[in-house]
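# Structural description and commentary
Each chain, written out:
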Amino acid sequence: MNKRTGGKLSDSTIHHYHVLLSSMMNTAVLWGILPVTPLKVKPPKVQQKEAVNLNEVQAAALLNALDGEPIQYKTMVYILLYTGIRKGEMLGIEWKDIDFNSSLLAVKRSSQYIPKQGIITKEPKNKSSQRVIKLSQRLMDILLVYKVWQTEERLKIGELWNSNDRLFTSWNGVPMHPDTLPKWFDKFLKRHSLPDANIHALRHTCALVHDCCSCRC
């Protein structure tokens, strides 16, 4: 059972833990701690789910609805829609990764949350995920406005601000928790009567709103 939601664990989660336990048991056998592995149960087959996309009309409605939303969330959604990068990669973006003169974004790291460890920074999913993306003028304009807003927020907080170069943080400059955006996004969709979708759908929708060739699933 999922302790956080109280629901059933997904097949992919069960498969992940099975692989972990299997590795531990096999290592114990190799070291002579156990004579044989007690893990005899096969992991469940993980069904590949079809990617959820918003259609062109839905994507346009979503963009229109963003106009009245907080600038931090608005900027994050625009980045996901216009670049196709992963949520963790977006949360790992630092200002030094953006070349405002050439309108380029260098994807260099990913921000993730691990229980008992907290928020960690790691390299993207694979080596090919470290890439440079050309940003549209519309997205560059939004990023410039957001940079001014964040600078003003930092000045308001003063010494309470945790100094780092991340674009997206909590109120005091600490890197944003990866669950923050999905929770807001669910409420945002309901408020505006938009189609039910998860945050990952934005990544698969980027081609509808921008000539995007950076989407790598």
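Everything that follows concerns the structure shown earlier in this document.
This report concerns the structure included in the present document. Residue positions are given per chain, counted from 1 along the sequence in the order it is written. Restriction of local features to residues with pLDDT of at least 70 applies here, the model being predicted, together with a cutoff of 80 or more for giving and counting side-chain atom pairs; totals for whole chains, interfaces and linings are based on all residues. With hydrogens and water stripped out, all remaining heavy atoms of the structure feed into the side-chain values.

Let's shift gears to the packing of helix H3 (residues 71-83) against helix H5 (residues 137-157). Inter-axis angles, ranging from 0 to 180 degrees, are taken between N-to-C directions of lines fitted to C-alpha atoms, where helices are fitted over the stretch in contact. The way it works is that DSSP assigns letters per residue, a run of H or I at least four long becomes a helix, a run of E at least two long becomes a strand, and they are numbered from the N terminus. It is the contact of H3 with H5, at a shortest axis distance of 10 Å, that shows an interaxial angle of 155°. Taken as axis vectors, H3 and H5 run roughly antiparallel relative to one another. Crossing angle aside, the handedness with which H3 passes H5 is left-handed. Here Ile71, Gln72, Thr75, Tyr78, Ile79, Tyr82 and Thr83 of H3 lie close against H5, whose contacting residues are Arg138, Leu139, Ile142, Leu143, Val145, Tyr146 and Trp149. Split by residue class, the contact of H3 with H5 holds 10 nonpolar, three polar and one charged. Any angle that is under 35 degrees is reported as roughly parallel, and any over 145 degrees as roughly antiparallel; angles of 65 to 115 degrees are reported as roughly perpendicular and all others as oblique. It is the rotation of the near helix from the far one that decides the hand of a crossing: anticlockwise by less than a right angle makes it left-handed, clockwise makes it right-handed. Contacts between residues were defined by any pair of non-hydrogen atoms, one from each residue, lying within 4.5 Å. Asp, Glu, Lys and Arg are counted as charged, while Ala, Val, Leu, Ile, Met, Phe, Trp, Tyr, Cys and Pro are counted as nonpolar; the rest, among them Gly, fall into the polar class.

What follows deals with the pairing of strand S5 (residues 131-134). Three labels apply to residues, based on accessible area from a 1.4 Å probe with only protein chains included: buried if under 20% of the type maximum, exposed if over 50%, partly exposed otherwise in between. Across the two faces of S5 the burial differs, with Arg131 and Ile133 buried and Val132 and Lys134 not buried at all. Between any two strands, pairing holds if DSSP finds at least two bridges. In this structure, strand S2 (residues 104-107) lies alongside S5, joined through four bridges in antiparallel fashion. Residue pairing across strands places valine 107 opposite arginine 131, the latter belonging to S5.

By this rule, a helix spans an expected 1.5 Å times one less than how many residues it contains. If you check helix H6 (residues 180-191), its first and last C-alpha atoms are 17 Å apart, about what 12 residues at 1.5 Å a residue would give, namely 16 Å. For H6, the full list of buried residues reads Leu181, Pro182, Trp184, Phe185, Phe188 and Leu189. All buried residues of H6 lie within an arc of 160° about the axis, which places them on one face of the element. Among the exposed residues of H6, those oriented more than 90 degrees off its buried face are Lys183, Lys187 and Lys190. Of the residues one or two after H6, serine 193 is the one with positive phi, at around 55°. The arc under discussion is defined with respect to the helix axis, by the directions toward the C-beta atoms.

Turning to the packing of H3 against H6, a few remarks are in order. Interhelical geometry of H3 versus H6 gives an angle of 95° and a closest axis separation of 11 Å. Taken together, the axes of H3 and H6 lie roughly perpendicular to each other. For the pair H3 and H6, contact is made by Tyr73, Met76, Val77 and Leu80 and by Thr180, Leu181 and Trp184, respectively. Of the residues that constitute the contact of H3 with H6, the class distribution is six nonpolar, one polar and no charged.

Ranked by size, the top nonpolar core spans 41 residues in total, and within it Leu62 and Met90 carry the most contacts. Those elements that place two or more of their residues in this core are helix H2 (56-65), H3, helix H4 (87-91), S2, H5, H6 and helix H7 (200-209). No other element matches the eight residues that H3 contributes to this core. By nonpolar core we mean a set of buried residues, namely Ala, Val, Leu, Ile, Met, Phe, Trp, Tyr and Cys, connected to one another through side-chain atoms within 4.5 Å.

Examined against the element boundaries, threonine 83 turns out to sit in helix H3. Among the polar contacts listed, one links the side chain of threonine 83 to the backbone oxygen of isoleucine 79, at a separation of 2.5 Å. As used in this structure description, the phrase polar contact means that two N or O atoms lie within 3.5 Å; if the pair is within protein, one of them must be able to donate a hydrogen and the other to accept it, and residues adjacent in sequence are counted only when both atoms belong to side chains. A distance of 3.3 Å separates a polar atom in the side chain of threonine 83 from the backbone nitrogen of isoleucine 85.

With that out of the way, let us pick up the side chain of glutamate 69. With respect to the element layout, glutamate 69 can be found in the loop between H2 and H3. At 2.8 Å, the side chain of glutamate 69 forms a polar contact with the side chain of histidine 192. If we ignore the near neighbours within four places in the chain, the residues touching glutamate 69 are Trp184, Phe188, Arg191 and His192.

Bringing the pattern of salt bridges into the picture now. Salt bridge criterion: a side-chain nitrogen from Lys or Arg within 4 Å of a carboxyl oxygen from Asp or Glu. For the coordinates displayed, the defined rule picks out 10 salt bridges. Put simply, arginine 86 and glutamate 89 hold a salt bridge, and the shortest N to O gap is 2.8 Å. Comparing arginine 86 with glutamate 89, the two get one shared label, buried. Note that lysine 96 and aspartate 165 form a salt bridge whose closest N and O atoms lie 4.0 Å from each other. One end of the pair, lysine 96, is in the loop between H4 and strand S1 (98-99); the other, aspartate 165, is in the loop between H5 and H6, and 69 residues separate them in sequence. Residue lysine 96 is classed as exposed on the basis of its relative accessible area, which comes to 56%. The class for aspartate 165 is partly exposed, based on a relative accessible area of 25%. A single network of salt bridges, built from pairs that share partners, joins Glu94, Lys96, Asp97, Arg109, Asp165 and Arg166.

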